[in-house]
Every structure is written in structure tokens, then in C-alpha cells.
Amino acid sequence: MELKVVLFCFVVSWLSSVCSGEVVKVSIRGETSIAKTDDNFIFATLDWWPPQKCDYNQCPWGNSGILHLDLKNKTLINAIKAFSPLRIRVGGSIQDLVVYDVGNAVADCPQFKLDKKGLFGFSNGCLPQNKWDELNHFFNQTGALVTFSLNALNGKHKSGEDILWLGEWDSKNARDLMEYTLGRGYKIDSYELGNELAGTGVSVRLDSVEYGRDITVLSNIVKELYPNASTRPKVLGPAGFYDERWFDTFLQNTGPEVVDGVTHHIYNLGAGVDPDLINRIQDPFFLDQVAQTFADVANSVAKFAPWAGAWVGESGGAYNSGGKNLQGKFADGFWYLDQLGKTSTFNHKVYCRQSFIGGNYGLLNITSFVPNPDYYGALLWHRLMGKEVLATSHDGSPYLRAYSHCSRKRPGVTLLLINMSNSTFYDVAISEDFNLYRKLFEDNSQREEYHLTPKDGDIRSDVVLLNGTPLKLTKTSDIPELTPVLVDSSSAISVAPRSLVFVVLKDIRAPACA
């Protein structure tokens, strides 16, 4: 089944001016899905960075790191609960410096301190037992699906050859943490080993064969502690930047069913201080360049670990804490929602945003905890886009993006339209020549539309409007209702310049969505 959508000029009631739109044909093929995500595709990191973490003479982490985060903040709690559930990753660059003070596991529990000789400029740190208890109470309260990323450098030492580290992984402290966690009845969705140690590494690199042996040890521990496969946490890795030879060798040396998710990291926008970020974020030609990486990762997984799935294990757009005064603003949604759409078409199961809170790229503000615009884009995706991905294309400008999935937990198809143009309207209607599609729309049938636009048309604004109304927390710090406009299904949709639009076409009965 092919759904023909034609874009033409239409004025939504909350738009103030008449437009003259560009006509484009969009095709959604609904016979079969081209890929499938996990039920819970949206994922976000809580990082370890202490307040002293600084980049480019700015320190954008404040008290948002795991050890300092106010876990009783009502807005934070409600922001996670709104997803019901949200995947949360506990991890980040300095996770490979952390020891776990559970039971009598370690003699000393040091705090992170600035150390020019240490990895990433910090000394070793520690997760106190009481903090782990508090975190798990928080996760239980919010219903989060937790991935805990383990220290992969225990027992290893510098080789003397650039940044290569050697030696067997000492799994004792990780096992202590897992046994304590299991004994307290804490639920962990998955364990991941290491952070950015693959390929050429960042501050440290590991040999792919050696890492394969290490993660096999982790997999065996998880299987021993959780003999019931239905409640067993998944094992994830290698959590690094994709290097074909390294990843392929790693997967070939782990064997069947060792790794459940093959995680890789993406920071395709460049450095957070780069003045060209504002242009890259809304340049479709630049944003397309990362597609080959998604395709290559998916191919490696299909060839050497078909029982596993490809995951984006961390992606913040711009590295070194993100772009100040840009990420966390409306403009970031062009990159973020486009990455969600693109990644899903390449059969990735999960996409992890760096970060949920912290740095310049957090989904929440680090001081007020108020959601940034991308939070609402992520929440709408989670609520509307199902796991079956449909082939979607159009013959118009590349500044218009179109992605479609079967709708989540209800009949129909949900279409995401991203308009990166600063001046062009794209106006959507159903093609008159598609009889099957017209037949599905009975009299008085309606579709749902969710139009996200920036306040005053300023893409650097941190205020996002839904169908013309600013999204603000309620007086009780709850996430506001995300209410669509209901539109006659036979009428047109107007996609304003610099806007993000979700459209729920509930009457479409695509075979792939049956």
C-alpha cells in the first residue's frame, strides 16, 4: 500500500498570515516495515561529571551530575514519569574511574577531584552505597528503565604505547555491585561495559579481542546471577565511536548471545565551541553525512551479531558539553528529531540523548529543571511513534524531512515533518488519486496535528509553542498536557517554516501496522 501525500498551501488557525506553499509529493509505503525499533526508543543519560567539569572557559554541569543531582526535585521526577517509561543510562566519560562502595567491597571511597594527570583531568571517584540506594529509589519512583555503565578499566594498566591499556578486566567490584543490586531487589534493564574505549579511543583505547573477552566475562556473570532469562539484564557494548575493523573483530570474538545491544556514540556536529554549529544544525546536506555510519553499524551487527540490535548509546550533537546558547534551544530540534528519524530507518533499536540533564545539551535546564524544547520533541516521539518504521520519501526540497512509523499502541500511521527552511511553507493534503486512502476516511473523520514552533519565530529561543501555545509546567510542576488540534482528515496540513510537526493519521490501515 502506498500513501500519496501532496503538500499545498493551507492556513492552520493559529498561523497569523496567508502562505504560498511549495507543492511536494510524499510517499509512505505501508505494505511492510523497513526496520523496527525497540518499544522504548527514546533514551537519555545521567552523567557522572562533577561541578568542576569545564570546557571553553564555561562550567555547564553545575550540580546535575549523578552524585550531586537533587533526586527529590519534583520537576525532575515528573519529567521522567511523563514517558512511562523512559530509558535512563547512568554513565559517561569518567565512569571508568569509578569504584563501587557496596558492602565491604572497597577500603576507600574517594570523591572526584581535579587532577591534571588523571583521565579527563580528574582523579578516581566512588559511588557510595547510600547514593546507589537513593538512585534506585528514584528510578523505582519514576519507573525508569535503567542501564548502568560499568568501569571497564579495573585491573588494566597503561601499555606505554600511546593510549592503549592492557590486562584482564578485574570484574570483582562490578560483581559486588550487581550482587548488592540483586539482593536489594533493584531492577536494572541492562549493564554496559566501558565508555569510548573502542577504535582509536578518546583518552584510552582497548584492543578489540581483549575487550571481547572482558564483555564475555560480564555476560557470564549476568547469566549466573540472573538464571531466569526473562528477568535477566541485557549486556551492552562497546559504547564507542564506530570503527569497522574494531567493531567487526570484537563481535567475531564474542560469540553468540554475549552482547544484546551493540552501542556506538555519535557527535556529528563537531566541537561545542564551533561558531558554525547554528548552520550545521539546519543544513540537511551536512546532517545526511552521518547516515553512512548508521548503515555501517547496522551492517556489522547483521553480519556478526544478528541476535543483537544496534543502539546509539550516546549522542549529544556537539562534543565537550554541547553548544552554548544553541543546544537546549528550539534550533537543536532540527538535528535531534532528524537523527531520531534517520537512526530508526537504519534498524537501530534505541537512541540515547546526551544528556537528560547536564551540559549545554541537556533535555532539562540544569538549574530550574524546566524542560528545554527537545524534551517535548522526545516526549511526542515516545508517545506517538511506534516501533514499525515505514519507507517515506518525497520529491521536494531537502529542507523538508519526512519520517513515518506505525502509530504507538493504536491504529494508524504517525508522520513526522521537519521544516528546516526559514521561509518556505510546505502544505500537506491527501492525493486525490489514491482511492484506497480516500476510502479509509469516513465522513467526519479527523486527524491529530502537533505543531512545534519557537517563540516569536526565534530558533534560539528556549520556549517552544505547541499549536501556538507556549508549553509551560503546571503550578504543581507537572508536564503540561500535549493537546493536538483535530483537523478534518480530508483537509490540508500546513507546515510552517522552521517548524516540527507530528501528524497522527489514525484511519490508515497499513498492512505493516496490522
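Anything mentioned here points back to the structure above.
Read on for a plain summary of the structure. Being a predicted model, the structure only gives us computed values, none of them experimental.

Another aspect to go through is the overall build of the protein chain. When helices and strands are tallied, the protein chain shows 11 helices and 27 strands. Against the globule reference of 24 Å for 514 residues, the protein chain gives a C-alpha radius of gyration of 23 Å, in line with a compact fold. By its C-alpha atoms, the protein chain is 70 × 45 × 40 Å across when sized along the principal axes. Here the protein chain holds 514 residues, and the buried ones make up 60% of them. If you take every contact in the protein chain between residues at least 6 apart in sequence, the share linking residues at least 24 apart comes to 75%. For the protein chain, the exposed surface amounts to about 20100 Å²; the carbon and sulfur share of it is 48%. Averaged over its 49 positive side-chain charges, the protein chain has a centre that lies 3 Å from the centre of its 57 negative ones.

Before going further, it helps to examine the pairing of strand 6 (residues 98–101). Where burial is concerned, the two faces of strand 6 differ: the one with Val-98 and Tyr-100 is buried and the one with Val-99 and Asp-101 is not. In this structure, strand 6 lies alongside strand 7 (residues 125–128), joined through four bridges in parallel fashion. For Val-98, the partnering residue across the bridge sits in strand 7 and is Gly-125.

What follows concerns the state of the cysteines. In this structure the tally under the stated criterion is three disulfides. Covalent S-S linkage joins Cys-109 and Cys-126, the inter-sulfur distance amounting to 1.9 Å. Disulfide Cys-109-Cys-126: torsion about the S-S bond near -95°, hence left-handed. Placement of Cys-109 in the loop between strand 6 and strand 7 and of Cys-126 in strand 7 is noted, with a sequence separation of 17 residues between them. Since its relative accessible area comes to 27%, Cys-109 is described here as partly exposed. With a relative accessible area of 3%, Cys-126 lands in the buried category. Here Cys-406 engages in a disulfide with Cys-513; their sulfurs sit 1.9 Å apart. Its torsion about the S-S bond being -85°, the disulfide of Cys-406 and Cys-513 is classed as left-handed. Placement of the pair is Cys-406 in strand 19 (residues 400–407) and Cys-513 in the segment after strand 27 (499–505), with a sequence separation of 107 residues. Of the residues examined, Cys-406 reaches a relative accessible area of 2% and is grouped as buried. Residue classification places Cys-513 among the partly exposed positions, given a relative accessible area of 25%. Taking only the cysteines that form disulfides and numbering them from first to last, the protein chain has the pattern 1-2, 3-4, 5-6.

Relative to the assigned elements, Gly-155 resides in the loop between strand 8 (145–150) and strand 9 (157–158). Through-space distance from the C-alpha of Gly-155 to that of Asn-73 is 37 Å; in sequence the pair is 82 residues apart. When neighbours within four sequence positions are excluded, Gly-155 is seen to be in contact with Glu-168 and Asp-170.

This paragraph deals with unusual backbone geometry. The omega torsion of the bond from Ser-84 to Pro-85 falls at 10°, within 30 degrees of zero and hence cis. Residues Gly-237 and Pro-238 are joined by a peptide bond in cis, for which omega reads 10°. Structurally, the position occupied by Pro-238 is in strand 12 (residues 234–241). Positive phi outside glycine occurs at Asp-162, with the angle close to 40°. By the secondary structure assignment, Asp-162 is in the loop between strand 9 and strand 10 (165–166). The phi torsion at Ser-477 lies on the positive side, around 65°, for a residue other than glycine. Mapped onto the elements, Ser-477 comes out in the loop between strand 24 (469–470) and strand 25 (485–488).

Attention now moves to the packing of helix 4 (residues 208–225) against helix 5 (residues 244–252). With their axes 8 Å apart at the nearest point, helix 4 and helix 5 run at an angle of 40° to one another. Of the possible angle classes, the one that applies to helix 4 and helix 5 is oblique. For the pair helix 4 and helix 5, the sense of crossing is right-handed. Counted together, Ser-208, Val-209, Tyr-211, Gly-212 and Ile-215 of helix 4 and Trp-246, Thr-249 and Phe-250 of helix 5 form the full contact between these two elements. A breakdown of the residues in the contact of helix 4 with helix 5 according to their chemical character gives five nonpolar, three polar and no charged.

Calculation notes
- Residue indices begin from 1 for each chain and proceed along its sequence in written order.
- At least 70 in pLDDT is required for a residue's local features to be given in this predicted model, at least 80 for side-chain atom pairs to be given and counted, and no such filter applies to totals for whole chains, interfaces and linings, which use all residues.
- No hydrogens and no water enter the side-chain calculation; it runs on all heavy atoms of the structure.
- Every helix listed is a DSSP run of H or I at least four residues long, and every strand listed is a run of E at least two residues long, numbered separately from the N terminus.
- For a compact globule the rule gives 2.2 Å times the number of residues to the power 0.38, and the radius of gyration it is set against comes from C-alpha atoms.
- Relative accessibility thresholds used throughout: buried, under 20% of the residue-type maximum; exposed, over 50%; partly exposed, between the two (1.4 Å probe, protein chains only).
- By the convention used here, residues are in contact when the closest approach between their heavy atoms is within 4.5 Å.
- Using a 1.4 Å probe, the Shrake-Rupley method yields the accessible areas, and only the shown protein chains count as cover for residues.
- Neither His nor the chain termini are counted; the positive set is Lys and Arg, and the negative set is Asp and Glu.
- The atoms used to mark charge sites are NZ of Lys, CZ of Arg, CG of Asp and CD of Glu.
- Strand pairing is assigned whenever DSSP detects at least two bridges linking the two strands.
- Throughout, disulfides are identified as pairs of cysteine sulfur atoms within 2.5 Å of each other.
- Axes, fitted as lines to C-alpha atoms, cover a helix only where it is in contact. Angles between the N-to-C directions of the axes lie from 0 to 180 degrees.
- Note on terminology: angles under 35 degrees are roughly parallel, angles over 145 are roughly antiparallel, angles of 65 to 115 are roughly perpendicular, and the others are oblique.
- Put simply, a crossing is left-handed when the front helix is turned counterclockwise from the back one by less than a right angle, and right-handed when it is turned clockwise.
- Three categories are distinguished: nonpolar for Ala, Val, Leu, Ile, Met, Phe, Trp, Tyr, Cys and Pro, charged for Asp, Glu, Lys and Arg, and polar for the others, with Gly belonging to the last.

Purely spatial values, then, with no claim about function.
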